Structure formats: structure tokens, C-alpha cells
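# Tertiary structure, described
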Amino acid sequence: MSSNMLVKKYSLVASLGFLFGLVFCMTGLLFAMVSRLSRNSSPEVILTVCFLLGAGILFILAGIILAGMRQRFSRSYSFITGILLSVTGLLIFTFSFPESWTYPKVSYVIMFYSVGIFLLLINIFVNYFLQAFTGTETQATVAQKQKPDISNEYSQFNDRSVLATFAGIMVTNITSGSYEPSFLTDTNGRYDHFIVNDKVSEEKQPEPQIMGQTEETMIPEKNTIHNPSINAEMKENVHFEDDSFNEPTAMETTQFPEIVDVLETEDNGLPEDGSDENVEPTFAPVTETRGLSTTVVPVIPFSEFRSLEKTNIKATDTMREAAHKILMFHFGVMIEHERGTKVGKDIEELHDMRVAAMRMRSVVEVLEDYLDMKEMSSYYKNIKSTRKVLGTVRDLDVFLEKIDHYLEGQPPERRLEMDPLTDSILIERAKNRGNMLVYLDDSKYNKFKKNFSSYLLHKKSWKMKSVKKDGEPIPSRVRDILPVLLYTQFATVRAYDEIVSDESIVDPSLEKYHQLRIDVKILRYTLEFFKEVLGSESKGLIKDLKVLQDNLGDMHDTVVALELLENFEKYGTWGEVSKKKSSGSGGLQDYPGVDAYMEYRKQELQNLLEAFPNAWSKVIDHDFSVRFSQAISGIYTS
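Residues numbered from 1 in each chain as written. Predicted model: local features only at pLDDT ≥ 70, side-chain atom pairs only at ≥ 80, totals over all residues. Heavy atoms only, no water.

### Some words on the overall build of the chain
Our working definition: A run of H or I in DSSP counts as a helix once it spans at least four residues, and a run of E counts as a strand once it spans at least two, with each numbered from the N terminus. Accessible area is worked out with a 1.4 Å probe on protein chains only. A residue is then buried under 20% of its type maximum, exposed over 50%, and partly exposed in between. Two residues form a contact once any of their heavy atoms are found within 4.5 Å.
Per the secondary structure count, the chain includes 24 helices and two strands. Taking all 638 residues of the chain together, 35% fall into the buried category. Taking contacts inside the chain between residues at least 6 apart in sequence as the whole, the part at least 24 apart equals 73%.

### Focus on the packing of helix 16 (residues 412-441) against helix 17 (residues 443-457)
Defined as follows: Fitted lines through C-alpha atoms give the axes, limited to the stretch in contact for helices. The angle between two N-to-C directions lies from 0 to 180 degrees. Put simply, angles under 35 degrees are roughly parallel, angles over 145 are roughly antiparallel, angles from 65 to 115 are roughly perpendicular, and the rest are oblique. Under this grouping Gly is polar, as are all residues other than the nonpolar Ala, Val, Leu, Ile, Met, Phe, Trp, Tyr, Cys and Pro and the charged Asp, Glu, Lys and Arg.
With their axes 4 Å apart at the nearest point, helix 16 and helix 17 run at an angle of 50° to one another. As the angle between them shows, helix 16 and helix 17 are arranged oblique. Across the interface between the two elements, Tyr 439, Leu 440 and Asp 441 from helix 16 touch Ser 443, Tyr 445 and Asn 446 from helix 17. In terms of residue class, the contact of helix 16 with helix 17 is made up of three nonpolar, two polar and one charged.

### Remarks on helix 24 (residues 622-633)
Rule in force here: Expected helix span is taken as 1.5 Å per residue step, with the number of steps being one fewer than the number of residues. The directions considered for the arc are those from the helix axis to the C-beta atoms. Side-chain atoms alone can form a polar contact between residues adjacent in sequence; in general such a contact is a pair of N or O atoms within 3.5 Å, and within protein one must be able to donate a hydrogen while the other accepts it.
Between its first and last C-alpha, helix 24 extends 17 Å over twelve residues, near the 16 Å set by a 1.5 Å rise per residue. Buried within helix 24 are the following residues: Phe 624, Arg 627, Phe 628, Ala 631 and Ile 632. All buried residues of helix 24 project into a common sector of 140° when viewed along the axis, lining one side. In this structure, the buried side of helix 24 is in contact with helix 18 (478-494), helix 20 (511-529), helix 21 (538-571) and helix 23 (592-620). Its side-chain oxygen 2.9 Å from the backbone nitrogen of Asp 623, Asp 621 forms the N-cap of helix 24.

### Observations regarding the nonpolar core
We apply this condition: We call a set of buried residues a nonpolar core when its members are Ala, Val, Leu, Ile, Met, Phe, Trp, Tyr or Cys and they connect through side-chain atoms within 4.5 Å of each other.
Ranked by internal contacts, the top residues of the largest apolar core, which has 98 residues, are Met 334, Leu 421, Phe 452 and Phe 530. Those residues in contact with Phe 452 that lie beyond four places of it in its chain are Phe 331, Met 360, Met 376, Tyr 379 and Ile 383. Counting 15 residues, the second largest nonpolar core, distinct from the first, contains Tyr 10, Leu 61, Leu 66 and Met 69.

### Topic: the environment of Asp 442
Its place among the elements puts Asp 442 in the loop between helix 16 and helix 17. For Asp 442, a relative accessible area of 34% puts it in the partly exposed group. A polar contact is formed between the side chain of Asp 442 and the backbone nitrogen of Lys 444, at a distance of 3.0 Å.

### Some points on the side chain of Thr 318
Following the sequence through the fold, Thr 318 ends up in the loop between helix 11 (303-306) and helix 12 (319-336). Here Thr 318 is in contact with Met 464, Ser 476, Arg 477 and Val 478, once residues within four sequence places are set aside.

### Side note on the confidence of the model for the chain
Rule in force here: A residue's pLDDT is the predictor's confidence in that residue, given on a scale from 0 to 100.
Per-residue confidence for the chain averages 76 on the pLDDT scale, and 67% of its residues sit at or above 70. Highest mean pLDDT in the chain belongs to helix 18 (95); lowest belongs to helix 10 (residues 257-265) (40). Residue range residues 147-160 is modelled with pLDDT below 50. Its contacts to residues more than four positions away, or to other chains, number 28 contacts. Across residues 174-293, confidence stays below pLDDT 50; counting only partners more than four residues off in sequence or on other chains, it has 106 contacts.

### What to know about the pattern of salt bridges
To keep things clear, this is the line we draw: For salt bridges, the criterion is a side-chain nitrogen of Lys or Arg within 4 Å of an Asp or Glu carboxyl oxygen.
According to the stated counting rule, one finds 19 salt bridges in the structure shown. The residue Glu 417 makes a salt bridge to Arg 414 at a minimum N-O spacing of 2.8 Å. With Glu 417 and Arg 414 both in helix 16, this residue pair falls three residues apart, about one helical turn. If you follow the salt bridges from partner to partner, you end up with Glu 338, Lys 342, Asp 441 and Lys 449 in one network.

### Things to note about the packing of aromatic side chains
Geometrically, a pair of aromatic rings is defined through the distance of the ring centres and the angle of the planes. Defined as follows: Paired rings are identified among Phe, Tyr and Trp, the last through its six-membered ring, by centres lying within 6.5 Å, and are further divided according to the angle between planes into stacked (under 30 degrees), edge-to-face (over 60) and tilted (the rest).
Enumeration according to the criterion identifies 26 aromatic pairs in this entry. An angle of 85° between the planes, with centres 5.0 Å apart, marks the rings of Tyr 513 and Phe 612 as edge-to-face. With Tyr 513 in helix 20 and Phe 612 in helix 23, this pair connects stretches of sequence that are 99 residues apart. Counting every residue linked through ring pairs, the aromatic cluster contains Phe 302, Phe 305, Phe 331, Tyr 379, Tyr 439, Tyr 445, Phe 448, Phe 452, Tyr 455 and Trp 462.

### Focus on a nonpolar patch on the surface
As a reminder, the rule being used: Surface patches are defined over residues having more than 30% relative accessible area and no salt bridge, joining like charges when they lie within 9 Å and nonpolar side chains (Val, Leu, Ile, Met, Phe, Trp, Tyr) when within 5 Å. Only the protein chains shown count as cover for residues, and all accessible areas are computed by the Shrake-Rupley method using a 1.4 Å probe.
Taken together, the side chains of Leu 12, Leu 16, Phe 20 and Phe 59 present a nonpolar region at the surface, about 380 Å² in accessible area. Top contributing element to the nonpolar patch by residue count: helix 1 (residues 3-34), with three residues. Within the secondary structure, Leu 12 sits in helix 1. For Leu 12, a relative accessible area of 57% puts it in the exposed group.

Following this line, the structure appears as C-alpha cells:
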């Protein structure tokens, strides 16, 4: 039966299937809106909506496939398999939801329905892709007269090669080739026929066509090598399929546009008029062969920032120039760890990327008075958003690490008692990580990276006036401003001594320690930002401040963790609880493992409070102040 007859045979069924699919989908959507479908809807409503939408999608895809089917239905193995798998998934869902909606039936439904839909989509793609090569009705008629078995070969094309055809299409696109079905490009000499102007000509070995060098179709000569020995060596060792081997491929132009830019702007060393007398031959940096070695210089995105090993701040720089160098360095660190953060194989990649974003935010906050905040404000908002998105996932990673550390010394049954808590945290982490990946792949974030990098590379944006309009000088250099800035920050930290050392003042929320942690962090970051111009004593100062900051940070984390654990025991979910949910609470739930872990964290908080005076004394001690002054004096000798 011809393909046209098959199309007419299945046209009515295809139309009805497509129509039923539209009706099912529209009914499901309308029913979902009328019933105000939500996670709290009744099982009957959820079942009805899911079944209507699932069946509707199945009918629509089946109708599209039948409308373009070019073979007998009984030979469409992948189509039949896709229909059966999808129907099986829908039936399992219908008869098991909600009473028996448990593992592994959930997995069966998802697997059967997804694989079935996937097979149907492959059929649609392959069938309509092949139709592009069937030719016109006239051409097919002429070809039938000359070679009858060509159409027979195509009519015998069965569904067993659908997956092979799909794989060939994808592989060819990856390798930047052009794909035609095997029955149209047979290489064994059986069907070497070409249809030109409705005439058939047989060519067993067609000669390669050479484009005439006319004004409209002139072959460029910039890549021609006028050296017989080199040409002979290249012909012997290198086999090119065509004369366009120096042109960028489709994959290069779509996936690696920056490499194409380099190739297009490369100077080939030849005069513009095409003459090559007294000119050494040059080669386009495309490949490396046995007979000819060429070099490709890869273009790394944001390479200007990722190659920085230190900030290179000088005492004679203005404060704005110093901020510029610090931002460039940490922006490079953030970009360097972005890929590892997306992959998620090593959680430390996320930690390093988050720290880099946090440092950039601190630079803007500490040196705000010396920056052009009109230009910086939009970038500052994006930096804060990036740090926040990364921080939500990192905080959960730290919480899970602390649980693992706690369980190391506990009996096996304790781990089972902690499973409800860890499962809830893992679910929350998966949600936040998904949001993070969406954010990092969003065009807004990528636009921020592009615009911020351009802003950092624009030197005029980082110039700072040193004289007012009336001629009065303005302090602007690092050696003039940094000492005052550091002493001011240190004075702010020392001012807490009367509060934290007074045992009569009780602060159950530990808010005073939280504020102290922020001020200690600012002082430490400022020392780290400018350690290249400070004295060697700055290393010891940073170490002591880090010990104090870690102590205060662990206090804050423990307080927050205890609040979250209490909410989990009360509501059974992790994270902040809305007012609506908290108003309908029914009391604490029974989680013996969580109770034991809360006692462990309370003891940890007590230990941190007891260790605080020792860490605080190292910073408030007069020896720290002396070393602090010596480190600042290093600015004038660096």
C-alpha cells in the first residue's frame, strides 16, 4: 500500500484522536480552575484532573503520528509500544490513587507514562524529519519509472529503524554534519541516481563540481598555500572532505561563538588584494595534523578575572582603585567555582562561590563612601541576590554535616530515629538547589555577569577625584584613608567589651553576640582585603579574629537551628512556618531522635558560650592592639 493511501486511511482516526485530546486537555484545565485545584484538594479532584490531562496529551500525540504515518499500523512497533506504556501508566495511577499511591507504584506510573510519551515524541520527530526528503509528487513519479525499487525500499522502511534514525540525526548535529536517511544516501552503488530538472541521470562516480571564480562566486585565496612541498605533504597526511576545512563548523558558531570571533578576526598575513608575493604562508589556527602543527588559543570566558592570583593593591592606589581590584579578584573566584556549583559533586565549590559573593558584598558595604553607588547599586543588588540563593543551599549542607557528625558516635537505631528530620532537610535542600540552578541559568544572572564584567573592565569608571572644584585636596589614597578606617572598625568591636563582659546582663536571644559577629567580620574582611599593603602582623590578627568570628557564628547557627528544630517538632516540616499554618498547629509531635539532637545542640551552645571569653580576650588584649598598630604602620613601608 502506498504512503498516500496510508495517509488517507488513517486521516479520520488521526483527526478524531487529535480532537479527543484537545477536548480532554481543555476539560481538565477548566475543571482544575473551577475546582481551584491545589495540594489540599480532594483526591477525586486531583485524580480527575491528572487523568484528563494525561489522556489528552496521549490522544494528541497519537493523532499527530497517525496523520503522518507512512507505513502500516501493525509495523509501527515503537508507536504501539509508546501507546501501551502510556496507557499502562494511566491505568496504574487511576486504580492506585490515593489509597495505594505508595512506592514502588509511583515509580511505575512515572516510568511507564514518561517512556511512552518519549517514544511517541521520537516518532513525531523522525517521521516528519523524513518527510523533508521525500521530494515532490512529480519527482517521485519520474524516479518510479526509472528505478521502481527505490519507492519500494522507502515503503519497506519499517518502525524498527526509528531509534537508529533518531540517533543518526542527533550524532550528525553534534558533529556538525548534514543528515539524510540511509535509503536516500546509499553508498554501495545501487541507487546512484540524481533527479535534475525532472530528468534522471546515472553517475557512478560523479566528478567534483568546481565553482567558477566569477565576481559573484569567487573562492577566497587567503588560506591557499603556495608551496609545492607543503601542499604535497598536506595531501599525503591530511584528508579533507571538502575545501571548506578552514571555515567554522555549525557547532562552533552555535556553541562556541567566542572561538569563531577569534578565527574571524585573525590576521592571515596576506595583503587585502589577495597577492601573495614575498609573503610567508600562514595557516588558520583550526587543527593539528601529523604533517602540520598549528596552535589554537582557547578563549576562556571571563579570563581577565579568573587568571588573577592576588589583588595587587598598592598603598598609593586610591580607595576606589583598591575596591576595583578586590572586586575583580573575587568576581573571578565566583566565576571559577560556578561550574562546580552547578554540577554539585563537591559541596565545597558552592561554599567557595558563596564566600566570593559575600566578599564582594562586603567590599561594597565597607567602601561605599569611595564608590560611585549610582552605577554600583544595581550590581550590588544582584550580588546580594546571588549570595542569598547560594546561602540557602549552603546552610542546609552545613546542617546536614552537623547531623552526620552527631550520628558518628550514636547507635544505629538513633540514625533511624533521625530519618524524618534528615529526609525533610534533604527535600528542602533539593527545592532550594533547584531554585539555585534556575537562578544561575536565568538570563538575568548571565546579563548581570556580562554587564558587571564590562563595568569592571571600564577603567574610566574607577577614577577618583583627589581635588575639589575649589582646589581643596580630597584624601583618596589607601595609605591616607585605610588607617582611619581600620581604627574606626576596631573601636566599634572594642566597644562591646562592656556588654559581653558584664555577667549581670542576660540576653536569651544572644542578639548582642550576633551584632558583635557582624562587626568582627567587617574588621576581619577589611584586614584581608588590604593584607598586601599591611605589615606581616596582619596574618596573626586575621587568625585571632577568625577564631572569634567562628565562635560567634556557631552560636548564631545553633540558636537558629534550635528554633527550626522546634518548628519541625511542632509542624513536621523544615523551614520557616507561615502565620496561617502556625495558627492551626496541634501541638508537638513525637520525634525521640530529634529531641535527643536538640539536647545535643543545646549543650553545644553552652560550650560555645563558655569558650567565648577565651576567644574574646585574645582580641581585646593589649597585645592585639599593639600588633594591630604595627600592621597598619606597614602601609608606609610597603
